[in-house]
Amino acid sequence: MAQGGAQLDPRKFSCSICLDPLKDPVTVPCGHSYCSNCIKRHWDEEQNKRFYSCPQCRKKYRQRPHLEKNVVLAELVEDLKKTGLQAAAADLCSAGPEDVACDVCSGRKLKAVKSCLVCVASYCEEHLQHHNKLVPLKKHQLVEPSEKLQENICSLHNEVKKIFCRTDQQCICYLCTMEQHRGHETVPAAAERNQKQKELEGSRLNIQQRIQEREKDVKLLQQQMFAINVSADEAVEHSEESFTQMIRLLQNRSLEVKRQLRSQQQTAVSGLKELEEKLQQEIAELKRKDVQLEQLAHTEDHTQFLHSYTSVSALSEPTHSSSIQTDPLRDFEDVAAAVSESRDKLQDILRETEEEKLLLQPQPESRADFLQYSQQITLDPNSMNRELKLSDGDRKVTFTEEVQSYSDHPDRFTVWPQVLSRESLTGRSYWEVERRGAVIVALTYKNISRAGSGEECGFGHNDKSWALRCFYNSFGLWHNNIDTPVSGPESSRVGVYLDHRAGILSFYSVSETMTLLHRVQASFTQPLHAGVWVYCSGSSAEFVKPE
């Protein structure tokens, strides 16, 4: 058999999975043979699939096939190994460009199966057996084949790096500890590896925990997205159904009104036509009478004239003019007005729906989001108290102890050192106030009282205004004469965000970041105006452009 076997192609006795000579060959139902471990490992990787397949012919099996040992093939392989197949198999085991080559092989290099960290060399299977037979070498540390073994050799001393320098965080040889790394903190590389291994395990544990947390977050987000999609789909379906019903009702109502108007039109026109016919008949009769009377007037015979006069001069009863309507179009105009009123009501409903849709828009979170609603505020000189002075294009106001000679105006605050913006604010707006000293940043309805020293005039002291008190290092929110303490980082700049429709008013401390100081939830019934109350001498407030 050996002689006959020497003439065979050695590749026919190799496993198509590992490409090495068959070891413990087994046969699958389709007839192809593989190493027992190779085909088992291949099918273990296919467990998550719905079938098992032959790597060569790709025949599929729903159940994992039963493997039978190929006794004849096993004997043939063993015989061929003794007569030259081993040398042929070595050709198949030669090191390729991507393989680690055996450092001991001369001539043709075989693939290395292990690398020795002590010898700093890689070995094929045959030379590894010689390595392991030597008792002093049996304790050497073997690892998977590596091309980076030379990195374990010190380039200065050509010694194996077995020591780790913690001072310089690098591996060194024992000679380095007496020269370049003298006096450094050093430990055996294995000891450092053990410590780093523990740190690595701790890092992996932390990563795994974070993965679990993120997976929980992802699951929660997926649940929220699912809930949003379901809710949105239901809302769309309900809205479409409602609008369809409304359209159908409007169409039916339109047809009904049209029928009523046409019926009323027909009745009115029929009555008028009947009256018209009577009037036409009366006109014709009167014309005949007129001709007869004219002829009678020219009769010369007195007897004939008197005889005919009574019969000719008699007239029929006239048609009463009261039957004619003086305002026949009033009924139709009333119907048209009622339809217009219904249209206006529908428009109001649709407008409310549009406003509700705007409320669903997300509120800004980042500074870039707020800047989308940036609003440049200018101050109204006619509202300014005489102890205040404007500058910088009516954007900055300063408290001055000298009373200014401003003309009288019904909008002017006569006692409180306050000023309002020209702009009325609705929708979404964001602006910033740069302050110095004691300043109150406020929003108020325009109809706040101006004359006198009563609380109805002061920002935050009534139900028409909301005011953030910024007194040096402290904050507070005033509304309806109630002072709510507010905590937050000190900053010379205050940001104000208003969503009028949603009833949201927020104050922020602005520096390198934005920090929420206080948020108000209210139902605003009128447009708002920005305002400031400059509290004392040396204080000022400027409405700056947010950037």
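Here the structure is a predicted model, which means the values were calculated and not measured. (Residues numbered from 1 in each chain as written. Predicted model: local features only at pLDDT ≥ 70, side-chain atom pairs only at ≥ 80, totals over all residues. Heavy atoms only, no water.)

Peer 1: Describe unusual backbone geometry, and please don't skip the residues or the numbers.
Peer 2: Although it is not a glycine, D394 adopts a positive phi angle of roughly 60 degrees. Looking at the secondary structure, you find D394 in the loop between strand 12 (388–391) and strand 13 (396–399). For N480, which is not a glycine, the phi torsion comes out positive at approximately 55 degrees. Structurally, the position occupied by N480 is in the loop between strand 18 (474–479) and strand 19 (482–486). (Helix = DSSP H or I, 4+ residues; strand = E, 2+ residues; numbered from the N terminus.)

Peer 1: So, the side chain of Q418: which residues are in play, and what are the values?
Peer 2: Mapped onto the elements of the fold, Q418 is located in strand 14 (residues 418–425). Within polar-contact distance, the side chain of Q418 engages the backbone nitrogen of F459 at 2.9 Å. If sequence neighbours within four positions are ignored, Q418 has contacts with S383, M384, N385, L388, F413, C457, G458, F459, V532 and W533. (Polar contact = N/O pair within 3.5 Å; in protein donor to acceptor, adjacent residues only side chain to side chain. Contact = heavy atoms within 4.5 Å.)

Peer 1: With reference to specific residues and values, describe the side chain of S36.
Peer 2: Within the secondary structure layout, S36 lies in helix 2 (residues 36–44). Among residues more than four places away in sequence, those in contact with S36 are K23, D24 and V26.

Peer 1: Please give an account of the pattern of salt bridges that cites residues and values.
Peer 2: Scanning all chains against the criterion turns up 16 salt bridges. Between R64 and D44 there is a salt bridge, with the nearest N and O atoms lying 3.0 Å from each other. With R64 in the loop between strand 4 (60–61) and strand 5 (68–69) and D44 in helix 2, the pair connects residues that are 20 residues apart, well separated along the chain. When its relative accessible area of 40% is taken as the criterion, D44 is described as partly exposed. A salt bridge links D499 to R428; the shortest N-O distance between them is 3.0 Å. Here D499, found in strand 20 (residues 493–499), pairs with R428, found in strand 15 (residues 428–436); they are 71 residues apart in sequence, far enough to count as distant. Neither residue differs from the other here; D499 and R428 are each classed as buried. Taken together, the salt bridges that share partners define one network made up of R166, E185, E192 and K196. (Salt bridge = Lys/Arg side-chain N within 4 Å of Asp/Glu carboxyl O. Buried < 20%, exposed > 50% of the residue type's maximum accessible area, 1.4 Å probe, protein only.)

Peer 1: An account of the packing of aromatic side chains is requested, with residue identities and associated values reported.
Peer 2: Taken as a whole, this structure holds 13 aromatic pairs when the rule is applied. Ring geometry for F370 versus Y430: centroids 5.4 Å apart, planes at 45 degrees, classification tilted. In this pair, F370 is assigned in helix 8 (residues 367–371) and Y430 in strand 15, connecting sequence segments 60 residues apart. Neither residue differs from the other here; F370 and Y430 are each classed as buried. Seen in terms of ring centroids, F370 and Y508 are 5.0 Å apart; in terms of plane orientation they differ by 65 degrees. Their pairing is edge-to-face. Note that F370 is positioned in helix 8 and Y508 in strand 21 (residues 504–510), a separation of 138 residues in sequence. Just as F370 is buried, Y508 falls in that class too. Among the aromatic residues, those joined into a ring-pair cluster are F370, Y373, Y430, Y497 and Y508. Above the ring of F413, the side-chain terminus of R450 is found at 5.1 Å from the ring centroid. (Phe/Tyr/Trp six-rings, centres within 6.5 Å; stacked < 30°, edge-to-face > 60°. Lys NZ or Arg CZ within 6 Å of the ring centre and 35° of its normal.)

Peer 1: Give me the sheet that holds strand 14: which residues, what numbers.
Peer 2: Reading across from one edge, 14-23-16-17-18-19 is the order of the 6 strands in this open sheet, with antiparallel pairing throughout. Sheet topology places strand 14 and strand 19 at the edges, where each strand pairs with a single neighbour. Direction aside, the axes of adjacent strands within the sheet are offset by 20 degrees on average. Note: strand 14 against strand 23 (residues 528–534), 5 bridges, orientation antiparallel. Along strand 23, the bridge assignment pairs L420 with G531. (Pairing = 2+ DSSP bridges. Axes fitted to C-alpha atoms, helices over the stretch in contact; angles between N-to-C directions.)

Peer 1: So what about the sheet that holds strand 13? Which residues, and what values?
Peer 2: The strand order across the open sheet formed by 7 strands is 12-13-24-15-20-21-22, and the pairing between neighbours is antiparallel. At either end of the open sheet lies a strand with only one pairing partner, and these are strand 12 and strand 22 (514–521). Along the sheet, successive strands turn relative to each other by an average axial angle of 20 degrees, direction set aside. Where strand 12 lies against strand 13, 4 bridges are found, and the strand directions are antiparallel.

Peer 1: How would you explain the UniProt feature "coiled-coil region" (unreviewed entry) in the protein chain if you had to name every residue and give the values?
Peer 2: As recorded in UniProt, the sites labelled "coiled-coil region" (unreviewed entry) are residues 258–296. A helix fraction of 100% and a strand fraction of 0% characterise residues 258–296, whose end C-alpha atoms lie 56 Å from each other. (UniProt positions renumbered as here; feature names shortened; annotations may be inferred.)

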